[in-house]
Amino acid sequence: MDGVVRVIPNHILQLHTTRSWDFLGFSQDNVGAQLEGDVVIGLLDTGIWPEHESFNSQQLGAPPSKWKGTCQGANFTCNNKIIGGRYYNSENWYFDNDFKSPRDSEGHGTHTSSTAAGDRVLGASYYGLAKGTARGGVPGARIAMYKVCWSFGCSTADILAGFDDAIADGVDIISVSLGSIFILPYDEDPIAIGSFHAMKYGILTSNSAGNDGPVPYTVSNYAPWTLTVAASTIDRKFVARAVLGNGQVLTGLSINSFELHARPYPLIWGGDAANYSAGASPDISRYCLTGYMNSYKVEGKIVYCETLWDGTGILEANGVGTIMADDETTDFAFNYPLPATQISASDGEIVLDYIRSTEYPTATILFGETWTDYMAPYVVSFSSRGPNPITPDILKPDLTAPGVDILAAWSPVAPPSIDGDDPRSVDFNIISGTSMSCPHASGAAAYVKAAHPDWSPAAIKSALMTTATVMDSSRHEDLEFAYGSGQINPADAINPGLVYDTNETDYINFLCKQGYNSTTVRLITGDNSSVCTSTVIGRAWDLNYPSFSLAVEDGKPINGVFTRTVTNVGYANSTYNLGWYSPSEFSIDVEPGVLSFSSVGEKLSYTVTVSGGAISQQKIMSGAIIWTDTYQQYQVRSPVVVYNVLPGFTYQPPEFQKKPTFQGPSMYKKNGILGRN
């Protein structure tokens, strides 16, 4: 067919908020670059609720003249904030709650949109929790929604169509908080393909890293031309206290929006409330799983459960609330459809001892509280980890951003808790996921784009990475595989001093060295003129990337030579001096050690040699290269990581990558964990 580059299976992807911006040092005083209103953020997501207060700014003028987008669908109206809305459903699957328009019935897309570019809304809260002013990173920017995700997920064909329209419409940044549950080669990954096309037209794509951590090699959206964002905490966490009848107070994680007014209720262990008629036993009902609880025993009581669950088992048995004991999830909170809190397993033993030793045990659950988390930021456990499963020589994720317990706008028809049947309606919700960290990075990228409209996607990405705040390595055993270059610092990113720029030709050369040929490269570029001039397999050390990754086969010495070129975007006459550090296991040598520029836009190159003795079974080690100008105005930092891989795995050409066999569409997921996929 004319114009068809390739036909690929129609996989289904999964989808992977406001103290957060202040925590990043990006206060309202920082917001408002002069050209912010000309920047359009396109989101591929579940849609948006256009009437929400976060999207009804009266201060914005008409859309920029470059804009070619439109609004589709009945009962959906754009304005000067939401200037575009399209929807796609190639599967023609619709659930009862789905709107056949860009309108959001899931909440996810409304949440991510407002995080990136929502207007300021005073007095925003989730049932009084986290009350304050909600806003996006760039409140003056425009939003275009490309609804590619539905109740069942997000299909490949719709994602590719959304990318194509976003590019043609004239967006400046694309935000994609979703990813595949499979490791896909670049030529079969719709996000890698779509974002490559966007890059060709000067558009940076910001992606969520996924929610499958802390397992290694789980990071998704690993193409080097995209910005891959991990999720980390802010200095606020949500707790709810359980008070036992004997006066003991136990603190647990929960976004508890229910008020019991400290009234005590009968307390029962889930194991004593088995629904034998449903085939349950105490060994099953102790976990309070849905459908296995005896309503005759649960009704009117608070139930102690020995695992983390969504509360629906207690709710359908007419229970009042639940105290859950679980040590697996300790660094973020859920919101539930009934009074609930999640305590530690050791505190759970206290509850069980109290129940067994008391004739009439009682308890209550107090309304939720916000506490200061003095340990923040740290990468949350669910955030997917590196190494890069396709190209070990490219460090992923690229950086981290707030993605834990984020307050942002919500669709009023979407359930506000992890119970999909929760009938309550809210305007704001608190949820977690790399879906939440991605729009933080998208907003930061839009801020840089507003300040530097002529910068390439690679330059914007470089600015965000080299100015990132260094994370505390002592709290992350997986180091940069958790957080990449560090936590985004939007205020500094508009003045990075130097940038690592990369263009389409560079990425094509990279793909050719990774084992792709002219035919398979064209499947990614969409351009039949793309050619591999050499088919020699090689390492990715010469791709002009803002970080350095050296994968070493077991038993081999540490030895890698990298070439990099930096572009001066700081002062015209400036000199940068080298600084570096590394662990004792390897050394870093850089030539030259001084870079002297005489004009803005000038490019200079340097070579990095990383060397050391033979290593085996070595987990990640890291150092850094830091270029500092004479006046101490700029510090341009790039992490250097070294780690072991199995023999033969220093690169994975396409023919060796695992390709799943699908029975019907596979699930691409939204990377938000309101319901913890």
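For the structure itself, consult the block above.
Below, the structure is looked at part by part. (Residues numbered from 1 in each chain as written. Predicted model: local features only at pLDDT ≥ 70, side-chain atom pairs only at ≥ 80, totals over all residues. Heavy atoms only, no water.)

## What about the sheet that holds strand 31 (residues 621-629)?
Put simply, the test is: Pairing between strands is defined by DSSP: at least two bridges between them are needed. Numbered from the N terminus, helices here are DSSP runs of H or I no shorter than four residues, and strands are runs of E no shorter than two. Think of each axis as a best-fit line through the C-alpha atoms, taken over the contacting stretch in the case of a helix, with angles from 0 to 180 degrees between the N-to-C directions.
Spatially, the five strands line up as an open sheet ordered 25-32-31-27-29, and their pairing is mixed. Two strands close off the open sheet at either side, each with one partner strand: strand 25 (548-553) and strand 29 (594-597). On average, adjacent strands in this sheet sit at an angle of 20° to one another, irrespective of strand direction. Bridge count for strand 27 (residues 574-581) against strand 29 is four bridges, and the pairing is antiparallel. From the neighbouring strand, Tyr576 faces strand 29, where its bridge partner is Leu595.

## Structural notes on the pattern of salt bridges
Going by this rule: Criterion for a salt bridge: a side-chain nitrogen of Lys or Arg within 4 Å of a carboxyl oxygen of Asp or Glu. Each residue's exposure class comes from its accessible area (1.4 Å probe, protein chains only) as a fraction of the maximum for that residue type: buried when under 20%, exposed when over 50%, partly exposed otherwise.
On inspection of all chains with the given rule, the structure shows 17 salt bridges. Here Arg103 and Glu51 are joined by a salt bridge, their closest N and O atoms 2.8 Å apart. Separated by 52 residues along the polypeptide, Arg103 in the loop between strand 3 (82-87) and helix 2 (108-117) and Glu51 in the loop between strand 2 (40-45) and strand 3 bring together distant segments of the chain. Glu51 sits in the partly exposed class, given a relative accessible area of 44%. With a closest N to O distance of 2.7 Å, Asp398 and Lys396 form a salt bridge. The two residues Asp398 and Lys396 agree in class, both being buried.

## Details of unusual backbone geometry
The linkage connecting Ala376 with the following residue, Pro377, adopts the cis geometry, with an omega of 0°. Assignment of secondary structure puts Pro377 in the loop between strand 20 (369-371) and strand 21 (399-402). Here the residue pair Glu591 and Pro592 is connected by a cis peptide bond, since its omega of -5° sits within 30 degrees of zero. By the element assignment, Pro592 lies in the loop between strand 28 (587-591) and strand 29. In this model, Asn318 sits at a positive phi of 70°, which is unusual for a non-glycine residue. Locating Asn318 in the fold gives a position in the loop between helix 7 (312-316) and strand 17 (321-325). Residue Gln632 is not a glycine yet carries a positive backbone phi of 60°. Tracing the sequence through the fold places Gln632 in the loop between strand 31 and strand 32 (635-645). Residue classification places Gln632 among the exposed residues on the basis of a relative accessible area of 59%.

## A short note on the environment of Glu585
Worth spelling out the cut-off: Between two residues, a contact is recorded if the distance between any of their heavy atoms is within 4.5 Å.
With respect to the helices and strands, the residue Glu585 is situated in the loop between strand 27 and strand 28. As for Glu585 and Trp225, which are separated by 360 residues in sequence, their C-alpha atoms are 31 Å apart. Excluding residues within four positions of it along the chain, Glu585 makes contact with Ile558, Ser611, Gly612, Gly613 and Met621.

## So, the side chain of Arg142
Rules: As used in this structure description, the phrase polar contact means that two N or O atoms lie within 3.5 Å; if the pair is within protein, one of them must be able to donate a hydrogen and the other to accept it, and residues adjacent in sequence are counted only when both atoms belong to side chains.
Within the secondary structure, Arg142 sits in strand 6 (residues 142-147). Within the local environment of Arg142, its side chain forms a polar contact with the backbone oxygen of Gly61, the two atoms lying 2.9 Å apart. A polar atom in the side chain of Arg142 sits 3.0 Å from the backbone oxygen of Ala62. With sequence-adjacent residues up to four places away left out, Arg142 is seen in contact with Gly37, Val39, Val40, Ile41, Leu60, Gly61, Ala62, Pro63, Pro64, Asn80, Lys81 and Ile83.

## Quick notes on the state of the cysteines
Each disulfide is one covalent bond, formed between the sulfur atoms of two cysteines. As a reminder of what qualifies: Cysteine sulfur atoms that come within 2.5 Å of each other are treated as a disulfide pair.
With the rule as written, the count across this model stands at four disulfides. With its sulfur 2.2 Å from that of its partner, Cys149 forms a disulfide with Cys154. On the S-S bond that ties Cys149 to Cys154, the torsion sits near 105°, and the link is right-handed. Considered together, Cys149 and Cys154 belong to a single accessibility category, that of buried residues. Here Cys288 connects covalently by a disulfide to Cys305, the sulfurs 2.0 Å from one another. The sign of the S-S torsion, about -95°, decides the handedness of the disulfide formed by Cys288 and Cys305: left-handed. Residue Cys288 is found in the loop between helix 5 (282-285) and helix 6 (295-298), and its partner Cys305 is found in strand 16 (residues 302-305); the two are separated by 17 residues along the sequence. For Cys305, a relative accessible area of 2% puts it in the buried group. With no disulfide of its own, Cys438 lies closest to Cys149 among cysteine sulfurs, the gap being 12 Å. The class of Cys438 is buried, set by a relative accessible area of 0%.

## Notes on the environment of Val229
By secondary structure assignment, the location of Val229 is in strand 12 (residues 227-232). Along the backbone, Val229 and Ile167 are 62 residues apart, and their C-alpha atoms lie at a distance of 21 Å. If we skip the residues at most four places from it in the chain, Val229 touches Ser206, Asn207, Ser208, Ala209, Leu399, Thr400, Ala401, Thr434, Ser437, Cys438 and Ala441.

## Topic: the pairing of strand 9 (residues 173-176)
Here strand 9 shows a buried face lined by Ile173 and Ser175 and a second buried face lined by Ile174 and Val176. Sheet topology places strand 2 next to strand 9; four bridges connect them, and they run parallel. Bridge assignment links Ile41 to a residue of strand 9, and that residue is Ile173.

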